[in-house]
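Given next are the chains, with one letter for each unit.
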Amino acid sequence: MSAGPREPFENPVIEWFDSRLPIFTMMQKEYGVFPTPKNFNYFWSFGGIAMTMLILMIVTGIFLAMNYTPQENMAFDSVEHIMRDVNYGWMLRYLHMNGASFFFIAVYTHIFRGMYYGSYKKPRELLWILGVIIFLLMMATAFMGYTLPWSQMGGWAATVITNLFSAIPFVGDSIVTLLLGGFAVGNPTLNRFFALHYLLPFVIVGIVFVHVWALHVTGSNNPLGIDVKGPQDTLAFSPYYTAKDMFGLAVFMLAYIAVTFFAPNMLAHPDHYIQYNALQTPAHIVPEWYFLPFYAMLRGITFGFNLYILAGIGIIGAALWPVYTKGKALKDPLLGMTIIPAVTDFGQYSKKFFTMLAIAGVVFMLGYFSQTMGLPLPFSKWVLLDSKLGGVIAMFGSIAILFVMPWLDSHPVRSARFRPQFKVAVLAMTASVAILGYIGAQTADAMLFGVIQWVYIGQILTGYYFAFFVIILPWLSVTEKASPMPNSINEAVLQENARKAGAR
Amino acid sequence: MVRHPLSLTAMAVVLLAMPVVSHAAAGKQTPNAPGEETAVAADAASGTSPATSEAADADTPAAETAQGSTEHAEAAHGEYEMDHLNWSFNGIFGAYDRASLQRGFQIYKEVCSACHSMTRLSYRNLSALGYNDGEVKAIAASVTVSDGPNDEGEMFDRPGRPSDHFKSPFPNVQAAKAGNGGAYPPDLSLIAKARHGGADYIHAILTGYSEPPAGKELMSGQYWNRAMHGNIIAMPPPLTDGRVAYSDNSPQTLEQYSRDVSQFLTWAAEPHMEERKRIGIKAFLFMLVLTGVLFGVKKKIWADQH
Ligand code: HEM
């Protein structure tokens, strides 16, 4: 995009154009010779895959919109009309419906890649934040799209999710009315959801553009998480990574085609084929699979936050103060009295740290049991945050916390490959999210092996999810010793090639 | 340069496992899963028929999924598992059985259409069952539809045309309920997709009638059906051996009838299934070849890096 010095092109037409608007120069620079670490694995294909899915969603969506009617008495029929009478309408609809799922598969994998290899760390914090914004917008888009067919499941999911906002003190009810365009899900809801569902994907395109721009300023991270030191560490993006990404994309498309054409309703719910009826609540309202982990967190907060629970959280905060501040003391601003002393050696601090965590845990559990099992403790009925608002905070907080991840983890080493403890912690977090997804689809009172309610497991996993970000990441940042790292990407690649040649 | 085959494996796992796991999980709480207690048990538990407790102007069959009773659900703890039949349309090469579809349509026309509408279908769609134009015209002409207003402003009756939608037995939802003891017979155009199990479920309902177990009292207009959620259904057993006369020599049994009509209803809900699978196979094979080629290209380009 810059008007820097320009190499002339041989082709006169291209040269004529490029000397007036240097698009070809830009493409050449950003996607042609763009120096890219030479050691990517296939996790690095998912950005391009996600971009492809975004374009595919927009194209199929626009053609659907040509035949779709956003009116409460006609929406369901118009979707069925698309399925039955519009030429290849069934294909458009199934591509769009399953495309949303595959878009999320791509993006979840992309996010996992970023976490595992530390791509969110300096200097890529802004890149990461833009990614989280895209993720949020995608969720909003998919959620509103799901109500468009005006089905039982879509309409009721909209009811449940918009109602969450009513938990917000003071303004909650007004927000719900604003979202719905009335007091309940109805025609105004459908109209505004359609308008926004049409708009947001283009906003996403805009942010993706900035996301990629930021990427091209910092350059890509890589599986070793070490910086590029010179040209010997990189390859031109084209043809090396265009070829590799095309292959990765093709494999992904195989799965997408298989599901779309052979099992298009695998991820749909039968109630999605029944027209919305405001008077009939379905027995179980389940969101789409990609929302299930967050839905489980929402439902997991079955208890209000009383003084004990808040005290527990406060003690954790105190224990973490030196960790967050890299050892600084906390002084009372008025009296100048030291409340938390400075820490010079976190190895020595660890004993104190874990003791405080244990105390916090006990206090927290006392509060928890007084809330859930009626353990009679003084003042335990004083709830500052009821379970509904608590659940909403947990749900939105679980995503909001991603924004500050680059500052919660300040360990100098990026890749989990050289951080044995972080590796275990991040994989456990990923597993927790997957299990939470399973729990999100269960009925409220479902049991695991008939012995323990899934809800409790969900609470433990939700607790771990937040502990991972708030406690484990900062703690490991100051204590974890990284394993030995190669000196450069090139060295590691040569070693790997030699090892393979030897094995052959 | 597949430096870490692990990442490829991980990709495959994520691709397949994530949705499948949550899907499996979602399947666990199906409204029709046997022995499942539902949230909305209260009104049905009082012993009223699921049908009569239906909300006033329900125009969708959702009521049935939302209703059930703790009492009935407990009875269902006998864990009735519907049979998974070997339908001709199963699998990626599966196709509808035209003869069965025609017999199924005959059953719908002669039995089910007395109570159930199928408004999303037009008579012209029947050509997909193997009927020729003349036959489709004749089928359409066998019903009388109300049309108009004409130039004099009068409504008039005329014989059906292929472009007409299937004629509904009742003019509106209220009339349908009134004619069925308060229970709404749902439109069948989409029923195979609106119930877990699809054709298997419809077959299970049609063959699932029996006397109630000892100690279970049924009110008038209620029937015992092991496949129905809550085991009580307001639809009288529609099919019995010998009820419909087939013109081919297929067995005229309840089992055969219900298979044929289930097949027909599956087609009605998913009329483009065969085309979808055909295109899917082509697209998949094309993609497979392309993937192979791209793999070769990639290997070649990366050869100087190994
Ligand atoms: C970020 C990209 C997008 C996502 C994640 C997304 C997601 C969804 C989802 C989950 C549904 C419900 C599918 C169903 O159950 O049938 C849907 C429906 C719909 N979407 Fe999108 N969409 C995207 C982009 C678009 C765009 C750009 C348009 C139009 C310009 C569009 C138009 C529609 C229409 C008309 C429907 C209703 C018809 C139907 O249900 O198939 N979508 N979308």
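Remember, it's a predicted structure, so these values are computed and weren't measured experimentally.

Bringing the site of the ligand into the picture now. Residue and element names in this part refer to chain A. Around the ligand, the structure places 26 residues, and the nearest of them are Arg-93, His-96, His-197, Tyr-198 and His-272. Take His-272: an N or O atom from its side chain is 2.5 Å from an oxygen atom of the ligand. Per element, the largest residue contribution to the shell around the ligand is seven residues, and it comes from helix α3 (residues 46–65). Class assignment for the residues of the shell around the ligand results in 19 nonpolar, six polar and one charged.

This next bit is on the domain arrangement of chain A. Residue and element names in this part refer to chain A. As assigned here, chain A comprises domain 1 (1–29), domain 2 (33–287) and domain 3 (300–503). Taken together, the contact between domain 2 and domain 3 spans 42 residues of the former and 38 residues of the latter. Taking both sides of the interface into account, the surface hidden between domain 2 and domain 3 amounts to around 3300 Å²; carbon and sulfur atoms contribute 71%. When the area that domain 2 buries against domain 3 is broken down by residue, the three leading residues are Tyr-116, Lys-121 and Leu-224, summing to 21%. Run the count over domain 2 and domain 3 and you get two salt bridges. Across the pair Arg-414 and Asp-227 runs a salt bridge whose closest N-O atoms are separated by 3.1 Å. At the junction of domain 2 with domain 3, the criterion picks out 14 residue pairs in polar contact (both at pLDDT 80 or more). For the side of domain 2 that touches domain 3, the elements supplying multiple residues, two or more each, are α5 (89–116), α6 (125–147) and α7 (152–164). Counting residues per element, the side of domain 2 that touches domain 3 draws most heavily on α6, at eight residues. Here the side of domain 2 that touches domain 3 is composed, by residue class, of 24 nonpolar, ten polar and eight charged.

Before going further, it helps to spend a moment on the packing of α3 of chain A against helix α10 (residues 237–262) of chain A. Residues and elements named next belong to chain A. Direction vectors running N to C along α3 and α10 enclose 50 degrees, while the axes themselves pass 9 Å from each other. One element, α3, and the other, α10, form an angle in the oblique class. Crossing angle aside, the handedness with which α3 passes α10 is right-handed. Across the interface between the two elements, Phe-46, Ile-49, Thr-52, Met-53 and Leu-56 from α3 touch Gly-248, Leu-249, Phe-252, Met-253 and Tyr-256 from α10. When the residues that make up the contact of α3 with α10 are grouped by side-chain class, the tally is eight nonpolar, two polar and no charged.

Let us now look at the side chain of Ser-189 of chain B. Within the secondary structure, Ser-189 of chain B sits in the loop between α7 (173–178) and α8 (199–206). A relative accessible area of 0% places Ser-189 of chain B in the buried class. A polar contact of 2.3 Å, which involves the side chain of Ser-189 of chain B, links it to the side chain of Asp-187 of chain B. Filtering out sequence-adjacent residues up to four positions away, Ser-189 of chain B remains in contact with Arg-84 of chain A together with Ser-117, Met-118, Thr-119, Arg-120, Ala-268 and Ala-269 of chain B.

Residues and elements named next belong to chain B. Across the sheet, which stays open at both edges, the three strands sit in the order β3-β4-β5 with antiparallel pairing between neighbours. What marks the edges here is a single partner per strand, and that holds for β3 (209–210) and β5 (232–233). Bridge count for β3 against strand β4 (residues 223–225) is two bridges, and the pairing is antiparallel. Paired with Ser-210 across the strands is Trp-224, a residue of β4.

With that settled, consider the coordination of the iron atom of the ligand. Residues and elements named next belong to chain A. Looking at the iron atom of the ligand, the protein donor atoms are His-96 (NE2) and His-197 (NE2), and they sit 1.9 to 2.0 Å from it. With relative accessibility at 16%, the residue His-96 sits in the buried group. Judged by its relative accessible area of 16%, His-197 falls in the buried class.

Attention now goes to the domain arrangement of chain B. Residues and elements named next belong to chain B. Here chain B is partitioned into domain 1 (32–121 + 165–271) and domain 2 (273–306). Tallying the contact residues gives eleven residues for domain 1 and five residues for domain 2. The three residues of domain 1 that bury the most area against domain 2 are Ile-92, Tyr-96 and Glu-270, which together make up 47% of that side's buried surface. For the pair domain 1 and domain 2, the interface holds two salt bridges. Arg-276 is paired through a salt bridge with Glu-270; the nearest N and O atoms lie 2.4 Å apart. Our enumeration of links across domain 1 and domain 2 arrives at six residue pairs in polar contact (both at pLDDT 80 or more).

Relative to the helices and strands, Ser-258 of chain B resides in helix α9 (residues 254–269). Side-chain polar atoms of Ser-258 of chain B contact the backbone oxygen of Glu-255 of chain B, separated by 3.1 Å.

The rules behind each value
- Residues numbered from 1 in each chain as written.
- Chains lettered and ligands numbered in written order.
- Predicted model: local features only at pLDDT ≥ 70, side-chain atom pairs only at ≥ 80, totals over all residues.
- Heavy atoms only, no water.
- Near = heavy atom within 4 Å.
- Polar contact = N/O pair within 3.5 Å; in protein donor to acceptor, adjacent residues only side chain to side chain.
- Helix = DSSP H or I, 4+ residues; strand = E, 2+ residues; numbered from the N terminus.
- Nonpolar A, V, L, I, M, F, W, Y, C, P; charged D, E, K, R; others polar.
- Domains from an automatic or database assignment.
- Contact = heavy atoms within 4.5 Å.
- Buried area = accessible area lost by both parts, 1.4 Å probe.
- Salt bridge = Lys/Arg side-chain N within 4 Å of Asp/Glu carboxyl O.
- Axes fitted to C-alpha atoms, helices over the stretch in contact; angles between N-to-C directions.
- Parallel < 35°, antiparallel > 145°, perpendicular 65-115°, else oblique.
- Left-handed = near helix turned anticlockwise from the far one by under 90°.
- Buried < 20%, exposed > 50% of the residue type's maximum accessible area, 1.4 Å probe, protein only.
- Pairing = 2+ DSSP bridges.
- Donors = N, O, S within 2.8 Å, 3.2 Å for Na, K, Ca; no water.

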